[in-house]
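Chain and residue survey
This is what each chain is made of:
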Amino acid sequence: MQSSLLVSSAMANVEVLPPFPPPFYHREKHKQDFHKRLIVQNSVAAITNHQTQMPKCKSTDIKPTNGACTENQFINFTMEFPAPLLQACTNLEQLKQYHAHMLRNGLHQNSRLYNKLVSMYAMTGNMESARYMFEGIQKPNVVVWNIMIRGYVKNGRCTEALRFYHRMHQAGIQPDRYTFPAVFNACASLLALQEGKLIHEHIIRRGFQLDVYVESALIDMYAKCGSVEVAYQLFNRMPKRDVIAWNAMIAGYAQNGYAKQALTLFNQMQMADVKPNLVTMICVLPGCADLAALQHGEWIHAYIIRSGFESDVSVGNSLIDMYAKCGSIETVRRVFDRMPKRDLVSWNVLIAAYGMHGQGDEALALFSQMQRAGLKPDAISFIAVLSACSHAGLVDEGREYFNRMSQDYFITPKVEHYACMADLLGRAGHLHEAVELIDNMPLKPSIQAWGTLLSACRINGNVELAECLAERIFDIDPENEAYYVLLSNIYAAAGRWDDVTKLRTMMKDRGLKKTPGCSLIQVRNRVYSFLVGDRSHPQSDKIYAMLEDLSRKMKEAGYVPDTNVVLHNVEEEVKEDMLSCHSEKLAIAFGLINIKSGVPIRIIKNLRVCGDCHSATKFISKIVKQEIIVRDANRFHHFKDGLCSCGDYW
């Protein structure tokens with residue numbers, strides 16, 4: 001009863017399925033009726049299509065006619081070599097033909113063949129046929145139960161997979177070590193944490209908690225459901241860890257925003273003398289990307305080449321994403337050009353990379369090149385294209401591609417596409433058009449769409465519209481401090497300090513705190529973080545001395561601090577002091593002290609870079625003659641010789 005309630009709770013929003021086919025005591029009649037229907041349906045297909053659809057003959061005793069078996073040859077070969085021929089079936093039509101002959105010739109009594117056919121139906125996505133065959137088995141064993149559960153998971157029908165698991169449990173069938181990984185995979189896909197905890201109890205009661213295969217799947221489930229601490233406790237208690245367990249924990253850290261821990265664990269994995277595999281590379285590269293840890297990423301890339309993994313498409317895609325997020329757009333293109341095989345994901349990641357680096361024209365050129373290469377764009381392709389247009393201010397091109405989505409490519413725009421268009425229009429000053437687009441969209445606007453418009457109000461200084469939008473946002477998500485801070489900044493920019501005070505009091509009453517600005521920089525394989533006004537670093541004295549020297553040189557070169565970005569009602573001198581110790585400036589000074597001249601300084605900022613820091617960094621890049629690459633919350637900025645790649649459009 002408890003397990004049924006948990007399943008119902010976890011799947012509350014999933015479409016209800018029709019009842020299962022007849023119970024066990026009706027199975028024999030169901031089996032006979034089903035077999036009759038299959039013989040009628042599939043035999044016709046087998047007789048009419050065997051010359052083109054049947055598997056190729058592999059027996060040297062049978063002479064093929066034009067490379068295909070005749071009907072009699074197929075029957076004889078099926079009787080003599082049933083399992084190899086079943087394995088040779090490569091599509092659903094061939095499976096149906098084999099099934100018809102299997103029934104007509106009594107081979108369905110062979111339980112091994114029958115189970116294999118159920119499995120192949122499931123693996124080809126025809127779960128209805130697999131399920132009806134399953135219902136025809138008088139006493140299905142754990143093997144066939146596992147086949148059904150894995151089949152449902154593989155085909156994205158995880159609710160049914162969990163139902164089958166509980167039905168198996170109620171039927172008194174004892175699960176084995178192959179049952180639980182599929183079930184935990186289903187829980188992870190549905191984010192059904194409570195259901196996963198219940199099944200965790202099952203493996204403890206049945207003594208599978210020491211099975212590395214099962215434990216690795218359990219770690220993966222907890223991590224994907226957001227319980228990273230529990231996942232690590234399980235991982236840490238394992239007496240023996242194989243590469244699968246290490247991969248599950250590394251991926252869990254990387255997917256939940258614990259990039260530093262992912263890289264640390266990867267290092268520990270090597271010290272434990274566990275050899276990383278291809279999956280390890282795909283798991284750890286996102287951690288390098290999140291931290292812009294280029295040196296780590298380059299070492300992993302070298303390992304990938306030494307291990308022969310470079311030809312794998314998924315690894316190549318991960319490398320493109322890593323180099324893009326580390327700010328090395330030139331390496332991105334080299335990796336892409338060297339890939340022996342590219343899929344749609346490869347192109348989408350490449351287009352998005354050029355877009356986030358502000359190279360919108362190149363991104364659009366790649367979109368055209370992708371189609372000439374024979375690939376058809378999908379919804380994600382258009383998100384990448386529209387984002388590229390937004391970062392580059394390509395308004396007319398953005399409108400054109402948005403319209404072509406449905407007209408030329410028959411792709412219905414989703415909320416994300418409308419949000420991209422609203423961002424594009426809002427940044428370019430077409431605020432009312434952006435609002436009209438979101439108001440009239442055929443879908444329910446997401447909070448991200450409203451948030452995009454609120455950001456556009458900040459850019460355009462429209463306080464009245466910002467208040468209306470904020471009211472809608474606070475009704476939907478009253479606990480997200482970012483939108484309170486955004487509205488507060490809009491009030492401050494307009495000089496409405498009383499409203500700023502009221503809003504900050506409201507945040508305090510609701511227990512909300514502003515996320516502090518934080519900048520990351522990697523020096524000699526170690527990632528350092530800086531907060532605004534940070535003096536905790538051992539080199540703080542040198543850092544602040546460097547900033548003081550840079551400030552003097554910048555002012556001599558014409559730099560004037562932009563105190564308008566200080567959203568506090570204080571004296572101008574105090575505002576200048578506050579500006580001088582922003583986190584990205586501290587990180588830049590630290591980089592200049594510790595990174596040799598000529599090597600780009602790469603920094604990540606968790607928030608949007610402010611106007612004063614943007615201006616100051618341009619001056620610094622010219623003074624020190626060193627490129628500075630900053631990735632903020634929205635995009636990349638490449639500062640070189642006093643200019644920024646964004647063209648001051650961000």
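First, a word on what this report is: a plain description of the structure on this page. (Residues numbered from 1 in each chain as written. Predicted model: local features only at pLDDT ≥ 70, side-chain atom pairs only at ≥ 80, totals over all residues. Heavy atoms only, no water.)

1. Structural notes on the sheet that holds strand β3 (residues 601–605)
Note on sheets: strands pair through backbone hydrogen bonds, and any given pair is parallel or antiparallel. With mixed pairing, the six strands of this open sheet are ordered in space as β2-β1-β3-β4-β5-β6. Two strands lie at the open edges of the sheet, namely β2 (526–531) and β6 (643–644), each paired on one side alone. As defined by bridge partners, strand β1 (residues 518–523) adjoins β3 across three bridges and the pair is classed as antiparallel. By the bridge assignment, Ile521 is partnered in β3 with Ile603. (Pairing = 2+ DSSP bridges. Helix = DSSP H or I, 4+ residues; strand = E, 2+ residues; numbered from the N terminus.)

2. So, the packing of helix α28 (residues 481–493) against helix α29 (residues 497–509)
Interhelical geometry of α28 versus α29 gives an angle of 165 degrees and a closest axis separation of 8 Å. Considered as vectors, α28 and α29 are oriented roughly antiparallel to each other. With respect to the hand of their crossing, α28 and α29 are arranged in left-handed fashion. Here Glu481, Tyr484, Val485, Leu487, Ser488, Tyr491 and Ala492 of α28 come into contact with α29, specifically with Trp497, Asp499, Val500, Leu503, Arg504, Met506 and Met507. For the contact of α28 with α29, the residue count by class is ten nonpolar, one polar and three charged. (Axes fitted to C-alpha atoms, helices over the stretch in contact; angles between N-to-C directions. Parallel < 35°, antiparallel > 145°, perpendicular 65-115°, else oblique. Left-handed = near helix turned anticlockwise from the far one by under 90°. Contact = heavy atoms within 4.5 Å. Nonpolar A, V, L, I, M, F, W, Y, C, P; charged D, E, K, R; others polar.)

3. Quick look at the environment of Gly360
Among the structural elements, Gly360 can be located in helix α21 (residues 360–372). Residue Gly360 is classed as buried on the basis of its relative accessible area, which comes to 2%. Once the C-alpha coordinates of Gly360 and Gly393 are considered, the two residues, 33 residues apart in sequence, prove to be 8.3 Å apart. The residues touching Gly360, leaving out its near neighbours within four places in the chain, are Tyr354, Ala388, Ala392 and Leu394. (Buried < 20%, exposed > 50% of the residue type's maximum accessible area, 1.4 Å probe, protein only.)

4. Details of empty space enclosed by the protein
For the structure shown, the criterion picks out one cavity of 30 Å³ or more. Taken together, Ala292, Lys325, Cys326, Gly327, Arg602, Ile603, Ile604, Ile629, Arg631 and Phe636 form the lining of the largest cavity. Breaking the lining of the largest cavity down by element, the ones donating at least two residues are β3 and β4 (628–631). For the lining of the largest cavity, the leading source of residues is β3, giving three residues. Of the residues that constitute the lining of the largest cavity, the class distribution is six nonpolar, one polar and three charged. (1 Å grid on protein atoms, 1.4 Å probe; cavity = no way out; pocket = protein on both sides within 12 Å on 5 of 7 lines; lining within 4 Å. Points joined across faces, edges and corners; volume = space filled by probe spheres on them.)

5. Some thoughts on unusual backbone geometry
The phi angle at Phe410 is positive, at roughly 55 degrees, despite the residue not being glycine. Position of Phe410 among the secondary structure elements: in the loop between α23 (395–407) and α24 (415–427). Exposure remark for Phe410: the relative accessible area of 69% places this residue in the exposed category. Even without glycine at this site, Asp648 takes up a positive phi of about 60 degrees.

6. Quick look at helix α8 (residues 142–154)
Taking 1.5 Å of rise per residue, the 13 residues of α8 would be expected to cover 18 Å, and the 18 Å separating its terminal C-alpha atoms lies within 8% of that figure. Within α8, ten of the 13 residues are buried, which leaves the element mostly enclosed by the surrounding structure. When we look at burial in α8, the residues that qualify are Val142, Val144, Trp145, Asn146, Ile147, Met148, Ile149, Gly151, Tyr152 and Val153. Backbone nitrogen of Val143 and a side-chain oxygen of the N-cap are separated by 3.1 Å at the start of α8; the cap is Asn141. Once α8 ends, the next one or two residues include Gly156, with phi positive near 75 degrees. (Expected span 1.5 Å × (residues − 1). Polar contact = N/O pair within 3.5 Å; in protein donor to acceptor, adjacent residues only side chain to side chain.)

7. Side note on the nonpolar core
Membership of the largest hydrophobic core comes to 158 residues, with the highest contact counts inside it found for Phe184 and Met221. Counting 31 residues, the second-largest nonpolar core is a separate cluster that includes Phe530, Cys581, Ala587 and Ile620. (Core = buried A, V, L, I, M, F, W, Y, C linked by side-chain atoms within 4.5 Å.)

8. A few points about the layout of surface pockets
Empty space within the second largest pocket amounts to approximately 360 Å³. Lining the second largest pocket are 14 residues, and of these Pro181, Ala182, Asn185, Ala217 and Asp220 sit closest to its centre. Looking at the lining of the second largest pocket, the elements with two or more residues in it are α8, α10 (179–190), α12 (212–224) and α14 (243–255). In terms of residue count, α12 provides more of the lining of the second largest pocket than any other element does, five residues in total.

9. Here we look at helix α20 (residues 344–356)
End to end, α20 covers 18 Å across 13 residues, agreeing with the expected 18 Å (1.5 Å per residue, within 8%). Of all 13 residues in α20, ten are buried; the element is thus mostly enclosed. Within α20 the residues assigned to the buried category are Leu344, Ser346, Trp347, Asn348, Val349, Leu350, Ile351, Ala353, Tyr354 and Gly355. In this structure, the buried residues of α20 make contact with α18 (313–325), α19 (329–338), α21 and α22 (379–392). The residue sitting at the N-terminus of α20 and contributing the capping side-chain oxygen is Asp343; that oxygen lies 3.2 Å from the backbone nitrogen of Val345. Within two residues after α20, Gly358 carries a phi angle of roughly 80 degrees, on the positive side.

10. Examining the environment of Ile459
The topology assignment puts Ile459 in helix α26 (residues 447–460). Exposure remark for Ile459: the relative accessible area of 36% places this residue in the partly exposed category. With 31 residues separating them along the chain, Ile459 and Ile490 place their C-alpha atoms 8.9 Å apart.

11. Structural notes on the packing of aromatic side chains
Per the stated rule, a full pass over the model turns up 24 aromatic pairs. Ring geometry for Phe367 versus Phe382: centroids 5.4 Å apart, planes at 65 degrees, classification edge-to-face. Residue Phe367 is located in helix α21, and its partner Phe382 is located in helix α22; the two are separated by 15 residues in the primary sequence. In terms of burial, Phe367 and Phe382 fall into one category: buried. One aromatic cluster in this structure is built from Tyr232, Phe235, Trp246, Tyr253 and Tyr258. Between the NZ or CZ atom of Arg177 and the centre of the ring of Tyr178, over which it lies, the distance is 5.4 Å. Here the guanidinium or amino end of Arg306 rests over the ring plane of Trp299, the centre of that ring lying 5.9 Å away. (Phe/Tyr/Trp six-rings, centres within 6.5 Å; stacked < 30°, edge-to-face > 60°. Lys NZ or Arg CZ within 6 Å of the ring centre and 35° of its normal.)

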